[in-house]
Amino acid sequence: MTRFGVFGVAALALAISAPDALAQRRGGAVSGGMRGAVVGGMVGGSGGAATGAKIGVVTGATRAAVNRETQARGQYYSTADYQNAQHSNFYEAPPETFGSTAAGAPTKAGVEAVIRKDDKPVVGITFPSDWNQKTGANYISAVSGDGQVYSMLVLLKGVDDKQAGIKKVEDGLAKNYLTDVKLDEPRETKGGAKVITGTGKGKKSGVDVVFAAGVFDAGEGQFVGAAFVADSKIENYYKETVRGICQTIRRAKDFQQ
């Protein structure tokens, strides 16, 4: 495990102790940090999220909160608590949240990235301009500028309902990435996304991490998965940023407005 000092990185969550038996313990319903932001912001999870999805950008109070959080995060980097902690490296080892994917091509962040099917937009997302973004045939992934948060948006193949999509997330993370998983109570957002959140420990790094993943119908039965993974030390310093990203997610119907 590499220690990165000021530029640490993130990690992920959700694992199983055996291939067919999910080693998970239920906690209470999550309400704060990055995980709570995903629950509140995913595809219309709140009024602000609904507004953001119509235009694909972060606006208003959320933008102001993101700016304040960025300043607070910069101050946290200089503390002993942060600098003495171990961090995962999402640049070198991105978590396979939805299973293995083909290598993507670097694309510009800060503008909306759209996944299409049959030349029609299915889902779009906008990451901050300082994130490192890649796009594949059926997915968009990004790592925060400091390397400490990972996100992926992907069209789910062979998935007929949200529960099957969540199971795909669990299997992908458990098989490849995590141990000592603790799940929060599952939630359903107002926009219809099914969300699971929790904590775990990287199998190779041993770093404590948090995760949040949601599955939703983007239109005409095409299910999409969205996941965020972060070092537990940095979770509370990325909640507004992640909330803002969630608010930019647009489904097929949003492109018609």
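What you see is a predicted model; the values in this text were computed from it and never measured.

Looking now at the pairing of strand β11 (residues 208-217). A regular strand places its side chains so that they alternate between the two faces of the sheet. Within β11, 8 of the 10 residues are buried, leaving the element largely enclosed by the surrounding structure. Bridge analysis of strand β10 (residues 194-202) against β11 gives 8 bridges, and the strand direction is antiparallel. In the strand pairing of β11, Gly 200 is matched with Val 209. The antiparallel hairpin formed by β10 and β11 contains 5 residues in its connecting segment, where Gly 206 sits at a positive phi of about 75°. In this structure, β11 lies alongside strand β12 (residues 223-231), joined through 9 bridges in antiparallel fashion. Residue pairing in the sheet places Val 209 in a bridge with Asp 231 of β12.

This paragraph deals with the nonpolar core. Counting residues in each nonpolar core, the largest one holds 36 residues, and the members touching the most others are Val 38, Met 42, Val 123, Phe 127, Phe 216, Val 224 and Ile 234. Of all the elements, β12 adds the most residues to this core, at 4 residues. When sequence neighbours within four positions are dropped, the list of residues in contact with Ile 234 reads Arg 73, Tyr 76, Tyr 77, Tyr 82, Gln 148 and Val 149.

What follows deals with helix α6 (residues 239-248). Judged by how many residues are buried, α6 sits mostly within the fold: 8 of 10 residues are covered. Burial in α6 covers these residues: Glu 240, Thr 241, Val 242, Gly 244, Ile 245, Cys 246, Gln 247 and Thr 248.

For β10, a buried count of 7 out of 9 residues is recorded, marking the element as mostly surrounded by other parts of the structure. Sheet topology note: the strand β8 (residues 178-183)/β10 ladder contains 4 bridges and is antiparallel. For Leu 178, the partnering residue across the bridge sits in β10 and is Gly 202. As consecutive antiparallel partners, strand β9 (residues 187-188) and β10 are separated by 5 residues, and within that stretch Gly 192 has a phi angle of approximately 95°, a positive value.

Before going further, it helps to examine helix α1 (residues 33-41). Taken across its 9 residues, α1 has 8 buried, putting it largely inside the fold. Those residues of α1 that sit buried are Gly 33, Met 34, Arg 35, Gly 36, Ala 37, Val 38, Val 39 and Gly 41.

What follows deals with the environment of Ala 213. As for its position among the elements, Ala 213 is in strand β11. Given a relative accessible area of 1%, Ala 213 falls into the buried group. As a C-alpha pair, Ala 213 and Val 169 span 44 residues in sequence and 7.5 Å in three-dimensional space. Filtering out sequence-adjacent residues up to four positions away, Ala 213 remains in contact with Ile 166, Val 169, Lys 194, Val 195, Ile 196, Ala 226 and Ala 227.

The subject of this paragraph is the sheet that holds strand β3 (residues 113-117). Reading across from one edge, β3-β4-β13 is the order of the 3 strands in this open sheet, with antiparallel pairing throughout. Lying at the two open borders of the sheet, with one neighbouring strand each, are β3 and β13 (250-251). Where strand β4 (residues 120-125) and β13 come together, 2 bridges link them in antiparallel fashion. What sits directly across from Val 123, in β13, is Arg 251.

The next point concerns the environment of Ser 78. Along the polypeptide, Ser 78 turns up in the loop between α3 (60-77) and α4 (80-83). You can call Ser 78 exposed: its relative accessible area is 55%. A polar contact of 2.7 Å, which involves the side chain of Ser 78, links it to the backbone oxygen of Gln 75.

Turning to unusual backbone geometry, a few remarks are in order. Although it is not a glycine, Asp 180 adopts a positive phi angle of roughly 50°. With respect to the element layout, Asp 180 can be found in strand β8. We classify Asp 180 as partly exposed; its relative accessible area is 44%.

Turning to the confidence of the model for the chain, a few remarks are in order. For the chain, per-residue confidence averages 81 on the pLDDT scale, and 80% of positions sit at 70 or higher. Averaged pLDDT values over the elements of the chain bottom out at 44 in strand β1 (residues 24-26) and peak at 95 in strand β6 (residues 139-143). Scored below 50 in pLDDT, residues 1-26 makes 112 contacts in the model with residues more than four places away or belonging to other chains.

Conventions used here
- Here the residue index of a chain counts from 1 through its sequence in written order.
- Local features in a predicted model are, by the rule used here, given only for residues with pLDDT of at least 70; side-chain atom pairs are given and counted only at 80 or more, and totals for whole chains, interfaces and linings are based on all residues.
- As a rule here, side-chain values come from all non-hydrogen atoms in the structure, and water together with hydrogens is ignored.
- For the exposure calls, accessible area comes from a 1.4 Å probe over protein chains only, and a residue counts as buried if that area is under 20% of its type's maximum, exposed if over 50%, partly exposed in between.
- Strands here mean DSSP runs of E at least two residues long; helices mean DSSP runs of H or I at least four residues long; both are numbered from the N terminus.
- Think of it this way: DSSP has to see at least two bridges between two strands before they count as a pair.
- In these notes, a set of buried Ala, Val, Leu, Ile, Met, Phe, Trp, Tyr and Cys residues joined through side-chain atoms within 4.5 Å is what counts as a nonpolar core.
- Contact between two residues is taken to exist if any of their heavy atoms lie within 4.5 Å; hydrogens are not considered.
- Residues adjacent in sequence count toward polar contacts only when both atoms are side-chain atoms; beyond that, a polar contact is any pair of N or O atoms within 3.5 Å, and within protein one must be able to donate a hydrogen and the other to accept it.
- Every residue gets a pLDDT, meaning the predictor's confidence in that residue, from 0 to 100.

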